[in-house]
Amino acid sequence: MKTLLLAAALGTCSVLAHAKAPIGIVIHGGAGTISRDSMSAAQEQAYHAMLTHAVSQGYAVLERGGSSLDAVTAAVIVLEDSPLFNAGKGAVYTFDESHELDASIMDGRSRSAGAVAGVSNVKNPILLARAVMEKSVHVMLSGKGAEQFAKEQQLELVENSYFNTEFRYEALKRAKQAIAPQPHQAALPYDPAWKMGTVGAVAIDKKGNLAAATSTGGMTAKRYGRIGDAPIIGAGNFADNKSCAVSATGHGEFFIRYQVAADICARVKYQNKTAAVASKEVMAELKKAGGDGGVIVVDHKGQLSWTFNTEGMYRALKAEGGEVISEIFAGKP
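Everything in this summary refers to the structure shown in the same document. (Residues numbered from 1 in each chain as written. Predicted model: local features only at pLDDT ≥ 70, side-chain atom pairs only at ≥ 80, totals over all residues. Heavy atoms only, no water.)

**So, the sheet that holds strand E7 (residues 199–204)**
Sheet strands associate in pairs through backbone hydrogen bonding, adopting either a parallel or an antiparallel arrangement. Pairing within the open sheet is mixed, and its 8 strands lie in the order E6-E5-E4-E8-E7-E3-E13-E14. Among the strands making up the open sheet, the edge pair consists of strand E6 (140–142) and strand E14 (325–329). On average, each strand axis in the sheet is inclined to that of its neighbour by 10°, with strand direction left out of account. (Pairing = 2+ DSSP bridges. Helix = DSSP H or I, 4+ residues; strand = E, 2+ residues; numbered from the N terminus. Axes fitted to C-alpha atoms, helices over the stretch in contact; angles between N-to-C directions.)

**Re the pattern of salt bridges**
As enumerated under the stated definition, the model contains 16 salt bridges in all. A salt bridge links Asp107 to Arg109, with the shortest nitrogen-to-oxygen separation between them at 3.7 Å. As a salt-bridge pair, Arg315 and Glu327 come within 2.7 Å of each other at their nearest N and O atoms. Placement of the pair is Arg315 in strand E13 (residues 312–319) and Glu327 in strand E14, with a sequence separation of 12 residues. A single burial state applies to Arg315 and to Glu327, both of which are buried. Here the residues in one salt-bridge network are Asp263, Arg267, Lys273, Glu281 and Glu285, joined through shared partners. (Salt bridge = Lys/Arg side-chain N within 4 Å of Asp/Glu carboxyl O. Buried < 20%, exposed > 50% of the residue type's maximum accessible area, 1.4 Å probe, protein only.)

**Overview of the nonpolar core**
Formed by 49 residues in total, the largest nonpolar core has its most connected members in Ile25, Ile27, Ile105, Val116, Leu128 and Tyr314. Contact partners of Ile27, with chain neighbours within four places excluded, come to Leu51, Ala54, Val55, Ala75, Leu79, Gly200, Ala201, Ile296, Tyr314, Arg315 and Ala316. Among the nonpolar cores identified, the runner-up in size contains 36 residues, and Ala239, Cys265, Ile296 and Leu304 belong to it. (Core = buried A, V, L, I, M, F, W, Y, C linked by side-chain atoms within 4.5 Å. Contact = heavy atoms within 4.5 Å.)

In structure tokens, the structure reads:
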């Protein structure tokens, strides 16, 4: 099947399109200050291997006729279980040296959604977000209440120490040194290194249904129960079969204020723009406002794309008839 690969000037914007409505999935592992100089060949290989594994797991669901919801869930679980990304096992530390995780999922067919924020003992927050969507009358649960719901749903619970990693702890110590003269990081200019590695997936299945999922450990050294964009529908996550599905990563406060995910889909729906063009426009506007990050998108026609305005974004996609494409840096793999 013929494919078309396009590149745009804003950081990186790539799109893979098919003549027919295909199955396909795109994933991300976060956008930020990702440079070749700071990454060894072994580290780069490890990231590519995990991205390839995650997107392949999600695609396998689609290939056997599974739903886009099942596909994005499968892909995100792989990323949550890896210490390489700021979600699940690899979650960053809060200022108080613990972990608070957020996640959300949305079904483009019905616009049903589920989200959780500030959970500390749920092994896979994306499963809890899905349980909120499918087994409760609510959209978002937080903290202890969300954890109680997880227990009732018999989801796997872990000690908070399960999320400990030496790499993230070293990042916390560096952040605390920078914060030391101030009450907390809100008084300092944003450092992209404090929030990197949010994960997500978007997919389209054989029935043309879209879905999006996002999961994160939040911002390094966060305090006061800070919640970013990942669990907020319309900001870090959105899906609607009439337009597109989006999962975002980056400086959450800006993604919330500019409703990035919903804005992209609105431009597709009401301005008849492609998802690639819409995401490029929105991310350019976000950059002008001071917001860094990226998005992955699939539209109702099955067009897969990503756009980011940072040095890099961990990302991969697989479309029907094509091989896995895995990239990290801007411009080139």
